[in-house]
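# Structural description and commentary
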Amino acid sequence: MIRARLRSALGKAGVWTVGLKSVYSYTGKLFGTWVLPVSDQSFLRVDAGVVREAPFKFTLDGTEFTAYPGETIAAALLAAGIRQLRRTEKQEQPRGIFCGMGVCFDCLVTVDGRMHLRACMTIALPGMKVTTQNEAEWRRSRR
Amino acid sequence: MAPLASMIVTECDIAIVGAGPAGLSAALSAADAGADIVVVDEYGAPGGQYFRQPHAKFLRINEGVLGTSYQASKRILAAVRGHERIRIRPNTLVWGAFDQGMLEIESNNVCERLASHRTIVATGAYEQPVPFRGWTLPGVTTAGAAQTLLKAQFVMPGRQILMSGTGPFQLPVATQLVKAGAKVVEILEYLGPAAFFRSFPQPWRHLDKLFEAYGYFACLLSRGIPLRYGQMVVEARGDGAVEEADVAPVGIDGRPRLDRIRTLAVDSILTNFGFVPSLQLPRLLGCETRWDEVGGCWVADCDEHQRSSRADVLLAGEVTGMAGHRVAMAEGAIAGLRAAADLGYLTPAAFDARSREPRRRRARHQSFADHLKRTFAPHPGIYQSILDDTVVCRCEEVTAGQVRGLAREWNGSLRAIKQCTRAGMGQCQGRICEPTIARLAAAASNRTISEIGSDTPRPHIKPLAIGALTEPLPQR
């Protein structure tokens, strides 16, 4: 109850618990336990009983986001609250993850210049530069 | 062929496409018989969907969240990984096949080739989405997407989750989400309780499934998660992502009753109305497929030894029909043994002896799978109730109204619908939209889906970068 309130309060304040985070991952590795109730603003990450390696940063459209080693871009962004990954070509409609298994090709993002990669299948790496695709703009710019 | 001479060619006795339960079982049974096996899979680790593994970078994981499939996967994965005659190629896509016995594969953005004497296709299945207004909004995903996110990444799909669909798959997904701490607002089942809990023949043969189901219900009900029968989601709304959903009870005709809509505040909607087999590769290889009226999906034909209509291609798992992982593993074992026997590694007597147990297993679990198929086949009312302004082809943003109009005009021809609207020509290559478009076309033109047919896949069956193809070619 208190943990949930603490999480909710910190989440609303948008606080990056950077100091707590490094203590968490360090002591987490030492003791192999879930030490602190808050994990870097990502309430969608399952923490109970899970120990992750040290996180790193990647960027989406210039904004930094945290990811843990082995996470897909889609998972890391979802954990940070980003659900819209692109806008469609004809109707400029927002799209994100749909099938989560690489079949629907809706979660397309551009990674380090390579376009149309599936965010749900691409593992995030430190320093990766991910950009969202606005395909309608791209089409207009080609005329 | 001179231009392809610089491509790396891997040789093996049996090439297995798909490292899920069926593919892994086939690899084990064939390798135990003495054959040299290469298993390719598009994902980064073997296991497929059902045996999806948490990615290797976790220092510690919470196995309670992963469900029974994770426990079942440990043994088979350890056996396959340790086997000296099995080579696993993860992150490898089979994108085409031009010559007999040769698969075109792509790995690390470089194209290669895989030569084999027999091919076992175990490419599995994916969820059959049913469109509703607003289903393209971020936040609306399949139930399998949530399960994959949870199993592989330990990430939850949202904070207020609504589940809507049909069939028993929603229960394990909901249980795993709830155990991980997610808030599931409601679970909506399309069928009424009488239809959902319809008894199946010889229940004493399937006590393990009954216990499993009991476990799911106990977990969900003890936490007070509402399980609502005879209801479905009809609309999703939100600014940039899902914020609220309209749900309605299902009427007698199978269509939602729009006069009794309730609105729920949710940020994640998980839908699952059944699965369809991934048939692009079998079709590309020339295997015959047929429309399964009871199950409501296309399946690839095979005989009792898992041989397809092509002599050197065998099929195992969900591609032959949705039947669950136990049938998939039995079919995989039989396919592996059959392929090994065809190549001379087993005498006919040895094949009979070794395949007796998998054949018995297949028959036993197939009967339960058939019951599920009959009970949870999608009702035509679900598709008839798709509103005209709802997008049915997500990639090309084609609406149901456009499809119905063209279907009436062109007697349900999928080709005509595709050529006029590009429906099915987008990046998913018709995987997501074809089941829906075929049903709309059949209904609008008064033909059966078997007559409407399905699209012919052409290489490449998944998007490929040109650089992957030109990279291994010699410079001019």
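What this report covers is the structure whose coordinates are included nearby. (Residues numbered from 1 in each chain as written. Chains lettered and ligands numbered in written order. Predicted model: local features only at pLDDT ≥ 70, side-chain atom pairs only at ≥ 80, totals over all residues. Heavy atoms only, no water.)

## Concerning the packing of helix H12 (residues 400–409) of chain B against helix H14 (residues 434–445) of chain B
Residue and element names in this part refer to chain B. Taken N-terminus to C-terminus, the directions of H12 and H14 make an angle of 45°; their axes are 8 Å apart at the nearest point. It follows that H12 is oblique to H14 by the angle criterion. Both H12 and H14 take part in a crossing whose hand is right-handed. Of the residues in H14, those touching H12 at Ala400, Val403, Arg404, Ala407 and Arg408 are Ile437, Leu440, Ala441, Ala444 and Ser445. In the contact of H12 with H14, the residues fall into seven nonpolar, one polar and two charged. (Axes fitted to C-alpha atoms, helices over the stretch in contact; angles between N-to-C directions. Helix = DSSP H or I, 4+ residues; strand = E, 2+ residues; numbered from the N terminus. Parallel < 35°, antiparallel > 145°, perpendicular 65-115°, else oblique. Left-handed = near helix turned anticlockwise from the far one by under 90°. Contact = heavy atoms within 4.5 Å. Nonpolar A, V, L, I, M, F, W, Y, C, P; charged D, E, K, R; others polar.)

## Looking at the pairing of strand S7 (residues 102–107) of chain B
Remember that side chains alternate between the two faces of the sheet whenever the strand is regular. All names here are of chain B. With six of its six residues buried, S7 lies for the most part within the structure. Taken together, the four bridges between strand S6 (residues 92–96) and S7 define a ladder with antiparallel strand orientation. Bridge pairing in S7 places Val94 opposite Ile105. As consecutive antiparallel partners, S6 and S7 are separated by five residues, and within that stretch Gly101 has a phi angle of approximately 75°, a positive value. Bridge count between S7 and strand S8 (residues 110–115): six bridges; the pairing is antiparallel. Bridge pairing links Leu103 to Leu114 in S8. Counting the residues in the hairpin turn of S7 and S8 gives two residues, including Asn108, whose phi is positive at 60°. (Buried < 20%, exposed > 50% of the residue type's maximum accessible area, 1.4 Å probe, protein only. Pairing = 2+ DSSP bridges.)

## Comments concerning the nonpolar core
Phe58 and Ile73 of chain A together with Leu103, Leu162 and Ile269 of chain B are the most contacted members of the largest nonpolar core, which has 136 residues in total. Of the residues forming this core, the biggest block, seven residues, is contributed by helix H3 (residues 73–79) of chain A. (Core = buried A, V, L, I, M, F, W, Y, C linked by side-chain atoms within 4.5 Å.)

## Quick notes on the packing of aromatic side chains
All names here are of chain B. This model, assessed by the stated rule, comprises 13 aromatic pairs over all chains. For the pair Tyr190 and Phe273, a centre-to-centre distance of 6.2 Å together with 75° between the ring planes defines the contact as edge-to-face. Taken together, the positions of Tyr190 in the loop between strand S13 (183–189) and helix H6 (193–196) and Phe273 in the loop between strand S18 (268–272) and strand S19 (275–277) put the pair 83 residues apart, joining distant regions of the chain. Of the two residues examined, Tyr190 and Phe273, each falls in the buried class. Ring centres of Phe197 and Tyr229 lie 5.6 Å apart, and the angle between their planes is 55°; this geometry places the pair in the tilted category. Placement of Phe197 in the loop between H6 and helix H7 (207–222) and of Tyr229 in strand S14 (residues 227–229) is noted, with a sequence separation of 32 residues between them. Its relative accessible area of 46% is what places Phe197 among the partly exposed residues. One cation-aromatic arrangement involves Arg394 over Trp135; the distance from NZ or CZ to the ring centre is 4.7 Å. (Phe/Tyr/Trp six-rings, centres within 6.5 Å; stacked < 30°, edge-to-face > 60°. Lys NZ or Arg CZ within 6 Å of the ring centre and 35° of its normal.)

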